[in-house]
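Tertiary structure, described
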Amino acid sequence: MNTSQSESGAQSGPLEPAVIALDVQRASSYPELPGDDELAHWAAAAVGGHRSEAEISLRIVDEDESEALNSQYRGKQKPTNVLSFPADIPEELGLPLLGDLVICAQVVAREAEQQHKALSAHWAHMVVHGTLHLLGYDHIEDDEAEIMENLETRILAGLGIDDPYRPIDEPAQGVPAEKISDGTDE
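A few points on the structure. Since the structure is predicted, the reported quantities are computational estimates derived from the model, not experimental observations.

Moving on, we come to the overall build of the protein. When helices and strands are counted, the protein shows 5 helices and 5 strands. The secondary structure elements of the protein, listed N-terminal to C-terminal, are β-β-α-β-α-β-β-α-α-α. The burial tally for the protein puts 45% of its 186 residues in the buried class.

Okay, here's the thing in structure tokens:
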């Protein structure tokens with residue numbers, strides 16, 4: 001489905017609204033998926049302040065497809081929450097295409113439960129996180145991670161969502177503390 005949405009008022013401060021063309025592909029059997037309007041709203045919040053418009057393809061997958069892509073592109077033999085594939089288009093062309101996101105529904109649901117978060121809040125975090133990767137942000141180095149995490153926290157706060165990096169009080173029942181992901185699978 002192709003959703004175009006103009007966002008306004010989602011951010012406080014210098015971030016401006018963005019117009020997003022979001023192509024959503026649902027290749028997951030998971031029953032609790034966010035709607036296209038929610039996905040577009042979250043992506044637009046992340047793009048705001050960086051671009052006035054953007055095109056993103058977002059594919060929601062199950063664990064087998066996520067694991068295959070994660071293995072092929074990152075060399076990791078497990079499913080992951082979000083993969084980002086930035087478009088490789090020369091800037092001078094002025095095309096709004098940002099790239100592709102692949103989000104694994106089961107991993108997002110499992111992490112939300114482990115982290116005691118509302119499922120929709122964790123989906124919003126994964127869309128914002130992945131979109132920021134498409135915009136060139138990274139978290140490999142500590143200084144880059146601090147910048148990206150602060151921006152994610154600010155964007156999510158503008159959406160009425162708590163800081164996704166706040167410490168987890170206690171693990172979900174039956175989940176050892178060392179197995180809880182911070183929500184970015186890094």
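Text resumes after the structure shown.
Attention shifts here to helix α3 (residues 105–114). Since the α-helix turns once every 3.6 residues, residues separated by three or four places project in the same direction. A large share of α3 lies buried, amounting to 8 of its 10 residues. Along α3, the residues that are buried comprise A105, Q106, V107, V108, A109, E111, A112 and Q114. Next to the buried residues of α3 lie β3 (53–61), α2 (63–74), β5 (97–104) and α4 (119–134). Downstream of α3 by one or two residues, H116 has phi in the positive range, about 55°.

A few words now on the pattern of salt bridges. By the definition in use, this model includes 3 salt bridges. One salt bridge in this structure joins R26 and D36, with 2.6 Å as the shortest N-O distance. Separated by 10 residues along the polypeptide, R26 in strand β2 (residues 19–27) and D36 in helix α1 (residues 36–47) bring together distant segments of the chain. On the basis of relative accessible area, R26 is assigned to the partly exposed category, the value being 40%. A residue is classified by how much of its surface remains accessible, and D36, at 9% relative accessible area, is buried. A salt bridge links R110 to E63, with the shortest nitrogen-to-oxygen separation between them at 2.7 Å. Highlighted residues: R110 in helix α3 and E63 in helix α2, separated in sequence by 47 residues. In this structure R110 comes out as partly exposed when scored by relative accessible area, which is 36%.

Below, the discussion takes up α4. Between its first and last C-alpha atoms α4 spans 23 Å; for 16 residues at 1.5 Å apiece the expected length is 22 Å, and the two agree. The buried count for α4 comes to 14 of 16 residues, which makes it a mostly enclosed element.

What counts, and where the lines are drawn
- Residues numbered from 1 in each chain as written.
- Predicted model: local features only at pLDDT ≥ 70, side-chain atom pairs only at ≥ 80, totals over all residues.
- Heavy atoms only, no water.
- Helix = DSSP H or I, 4+ residues; strand = E, 2+ residues; numbered from the N terminus.
- Buried < 20%, exposed > 50% of the residue type's maximum accessible area, 1.4 Å probe, protein only.
- Contact = heavy atoms within 4.5 Å.
- Salt bridge = Lys/Arg side-chain N within 4 Å of Asp/Glu carboxyl O.
- Expected span 1.5 Å × (residues − 1).

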